[in-house]
Amino acid sequence: MLSQNVQLQQTTFSHAYVISPELAAESCSTLGVEGVLQRLNQISRTSTTCDQSTKDLLKPFIVQGQDFGSVYAHVRSSWPAPDETVQGSDLSEYLKGLESLGSVFDHARETSISGDSIIKPLTIRPRRLWDLYAHRVIPFHFSHLQGGLLSPDYWAISHSWTDDMEQVDTPVNAFEWPVPLPRGVTLEDVRTELLHLGAEYVWLDVLCLRQKCDNDHREGLRQKEWAIDVPTIGNVYVNGALRVVRYMNGLGRVFSREGWNHPRHWLNRAWTLQEIKIDSIFGGLPKGMNKPLEERSLEDGTIMGDRLRFAGELEAIQASEGFQSAVDFMRVVEAMRMRFSTNPLDKIAGIAMLFRGSTLPVYRESISIEDSWTQCIKHLPPRLQTVLLFSFPVPGDETHSWRPSWKQLMSGTVETFSMTPVISKLKEIRGDGNAYYEGPTFQARYQPPSPAVPGERRQRAAIIVENAHKSTTFHVSVHHQAGASIKEGTYTLVGEEWLEVWVMCQSASPGSLHKVTVLSMSEEEAERLKRLNVLVKKGCVFA
């Protein structure tokens, strides 16, 4: 087996409350109420009696044909402590409290979708957790203590899917869907390692996020769940999980010094960018490897710590003020461009979660790439939306000119022009994707660079403003990608609050503007322009 070299998977984990896979698989209908209760008392070192309320509590599990692991996973957070006397009626009340909590979580999900938006996405809890002690997947609310008053300390697993994933039917998820696992890896091996690391409850996508299957009904459930669950996966890692375990070479696979440049390696997957968290640890370490950050690639000699530096920088930003600037945006976009994904939509979903606004777009597998990007932009924080308008000198080449298309961003040819922090904010992204902005405007005649200086990113141009029968010339900079190709003529200029960065536009459809490029001017030129008294603040619609 490919996981045999993983040190923490080799020794059985012993703990009074951790049951074996064999015990978890015992049929409750065979055990009966008294047999189930006997085992629960043995594990928990309790003496709960088999009164009528206890029977009423346990009978539904037997009627439903569940195994002992499922019963244990559902009741153990409410089960009394050793030597504590609790009646079956009290246990029933605890479980009712958990069921009520589950109803609250379900209602929050059901009411979170409004059109194509997820409202209050940061409040969405995961649906399921893997209870390592019981070796069963349970609804999230059953992991809560004291009838739902205390949330669990759960961990999350970040891993790259391998080329040899195999579908495995398992009682761990009650055979709800085939679980994709790398060839040779078992859930028991992964469980053993995670228990040794100190985990009790774990979020693992192949077990806790409904996976694809051939059953039409269950496939319909998957699509419905994914609409909410996929965009909010980042919540699990950033806001929910106490710790994240990274398997660099595949779930349960041994950490290897080979394959770091392979498209399937953790370092190169788009999805893992939204699974970053400070103080993440490595899974799959072989015996004798104590400092994985110092390990070198056998292929190119790079050091793992250096390869993870960018992820560490993202973690620091995420833990502080969050992503706000053009620099932040382009660094993430460039990282996404260089990474791989099975579905191109996953890159956009990852960006939406990393730049998390107050809402998120729902996940639709059938939507086109550009439509998905349009939806993503609507949910970015307003300041980042404004960055797309003011920091990109080349107009969008798809449906909207005011911001770059996804195709442009992924081509690697689009550059930002002004890195000046944008303090202005778009007022609205409308239903058709057009942007509404209020700011200073004026008319000016543009004179292109003549001659353009080869190799210089910024080209010097000029704008001429007519006021009171007097012409005033202002020196501006234009990006080399746009400057020489723009014809001399009269344009509308729309500026940000500092008056140093301007979007140069032409009239498009009635009432809207088409972005031509972005100009910048010095602080001194901005002051001269302000004194000219030609600026008019008004609302503009950018197509």
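Residues numbered from 1 in each chain as written. Predicted model: local features only at pLDDT ≥ 70, side-chain atom pairs only at ≥ 80, totals over all residues. Heavy atoms only, no water.

**Student:** Is there a simple way to explain the overall build of the protein chain in this structure?
**Tutor:** What the protein chain contains, in helices and strands, is 17 helices and 19 strands. In terms of its C-alpha atoms, the protein chain occupies a principal-axis envelope of roughly 100 × 50 × 40 Å. Burial status across the protein chain gives 55% buried among its 543 residues. When the accessible surface of the protein chain is summed, it comes to about 24,000 Å², and 49% of that surface belongs to carbon and sulfur atoms. When the 56 basic and 64 acidic side-chain charges of the protein chain are each reduced to a single mean position, those positions are 5 Å apart. (Helix = DSSP H or I, 4+ residues; strand = E, 2+ residues; numbered from the N terminus. Buried < 20%, exposed > 50% of the residue type's maximum accessible area, 1.4 Å probe, protein only. Areas by Shrake-Rupley, 256 points an atom, 1.4 Å probe, with all protein chains shown as cover. Lys, Arg positive; Asp, Glu negative; His and termini not counted. Charge placed at Lys NZ, Arg CZ, Asp CG, Glu CD.)

**Student:** How should the pairing of strand β3 (residues 128-131) be read in this particular structure?
**Tutor:** Side-chain positions along a regular strand alternate between the two faces of the sheet. The two faces of β3 match: R128 and W130 on one face and L129 and D131 on the other face are all buried. Remark: four residues form the turn of the hairpin made by β3 and strand β4 (residues 136-139), two consecutive strands paired antiparallel; H135 in that turn has positive phi of roughly 60°. Pairing between β3 and strand β8 (residues 201-203): two bridges, direction antiparallel. Residue D131 lies in a different strand from β8, and its bridge partner there is Y201. (Pairing = 2+ DSSP bridges.)

**Student:** Would you mind showing me how to read the nonpolar core here?
**Tutor:** A general feature of soluble globular proteins is that nonpolar side chains tend to end up buried together. Ranked by internal contacts, the top residues of the largest apolar core, which has 72 residues, are L40, F68, W130, L194, V202, W203 and L207. Of the residues forming this core, the biggest block, seven residues, is contributed by helix α2 (residues 28-44). Among the nonpolar cores identified, the runner-up in size contains 52 residues, and A270, A326, L513 and C540 belong to it. (Core = buried A, V, L, I, M, F, W, Y, C linked by side-chain atoms within 4.5 Å.)

**Student:** Would you explain helix α8 (residues 216-229) in this entry?
**Tutor:** Note on helix geometry: an α-helix contains 3.6 residues per turn, so any two residues three or four positions apart are oriented the same way. An ideal rise of 1.5 Å per residue puts 20 Å on 14 residues; α8 measures up with 19 Å between its terminal C-alpha atoms. Residues of α8 that are buried include every one of E219, R222, E225, W226, A227, I228 and D229, and no others. Here the buried face of α8 lies against α5 (88-110), β1 (113-114), β2 (117-119), β3 and α9 (233-240). For α8, the N-terminal capping position is held by N215, with its side-chain oxygen 3.0 Å away from the main-chain nitrogen of H217. (Expected span 1.5 Å × (residues − 1). Contact = heavy atoms within 4.5 Å. Polar contact = N/O pair within 3.5 Å; in protein donor to acceptor, adjacent residues only side chain to side chain.)

**Student:** When you look at the sheet that holds strand β10 (residues 281-282) in this model, what are you seeing that I'm missing?
**Tutor:** Strand pairing in a sheet is mediated by backbone hydrogen bonds. Such pairs are either parallel or antiparallel. One open sheet holds the six strands; their spatial order is β4-β3-β8-β5-β9-β10, and the pairing between them is mixed. Only two strands of the sheet have a single partner each, and these edge strands are β4 and β10. Sheet strands in contact with helix α4 (residues 68-75) are β3 and β4, and its direction is about 40° off that of β4. α9 contacts β5 (154-159), β8 and β9 (243-247) of the sheet and is inclined by roughly 125° relative to β5. (Axes fitted to C-alpha atoms, helices over the stretch in contact; angles between N-to-C directions.)

**Student:** Explain the pattern of salt bridges to me, please; I cannot follow it from the model alone.
**Tutor:** A side chain with one charge can pair with a side chain of the opposite charge if their charged atoms come near. Tallying each qualifying case throughout the model produces 29 salt bridges. Residues E334 and R337 are paired through a salt bridge, measuring 2.7 Å at the closest nitrogen-oxygen approach. Residue E334 and its partner R337 are both found in helix α12 (residues 326-338); the two are separated by three residues, about one turn of the helix. The exposure class assigned to R337 is partly exposed, which follows from its relative accessible area of 26%. Among the ionic contacts, a cluster of salt bridges with common partners joins R127, R128, E176, R210, R218, E225 and D229. (Salt bridge = Lys/Arg side-chain N within 4 Å of Asp/Glu carboxyl O.)

**Student:** Is there a simple way to explain the sheet that holds strand β11 (residues 359-361) in this structure?
**Tutor:** Reading across from one edge, β1-β2-β11 is the order of the three strands in this open sheet, with antiparallel pairing throughout. Each end of this open sheet is capped by a strand with a single partner; those strands are β1 and β11. Across two bridges, the pairing between β1 and β2 is antiparallel. If you follow I113 over to β2, its bridge partner there is I118.

**Student:** What exactly am I supposed to notice about the environment of Y437 here?
**Tutor:** Within the secondary structure, Y437 is located in strand β13 (residues 435-447). Exposure remark for Y437: the relative accessible area of 1% places this residue in the buried category. At 3.4 Å, the side chain of Y437 and the side chain of S424 are in polar contact. Polar contacts involving the side chain of Y437 include one to the main-chain carbonyl oxygen of G495, which spans 2.8 Å.

**Student:** What is the right way to look at unusual backbone geometry in this model?
**Tutor:** Excluding glycine, residues mostly have negative phi values, and the peptide bonds linking residues are mostly trans. Even without a glycine there, the phi angle at L499 is positive, about 65°. Structurally, the position occupied by L499 is in the loop between β16 (489-495) and β17 (501-507). One non-glycine residue, N533, lies in the positive phi region at around 60°. Of note, N533 is situated in the loop between α17 (523-531) and β19 (536-542). Given a relative accessible area of 67%, N533 falls into the exposed group.

On their own, these measurements won't tell you what the molecule is for.
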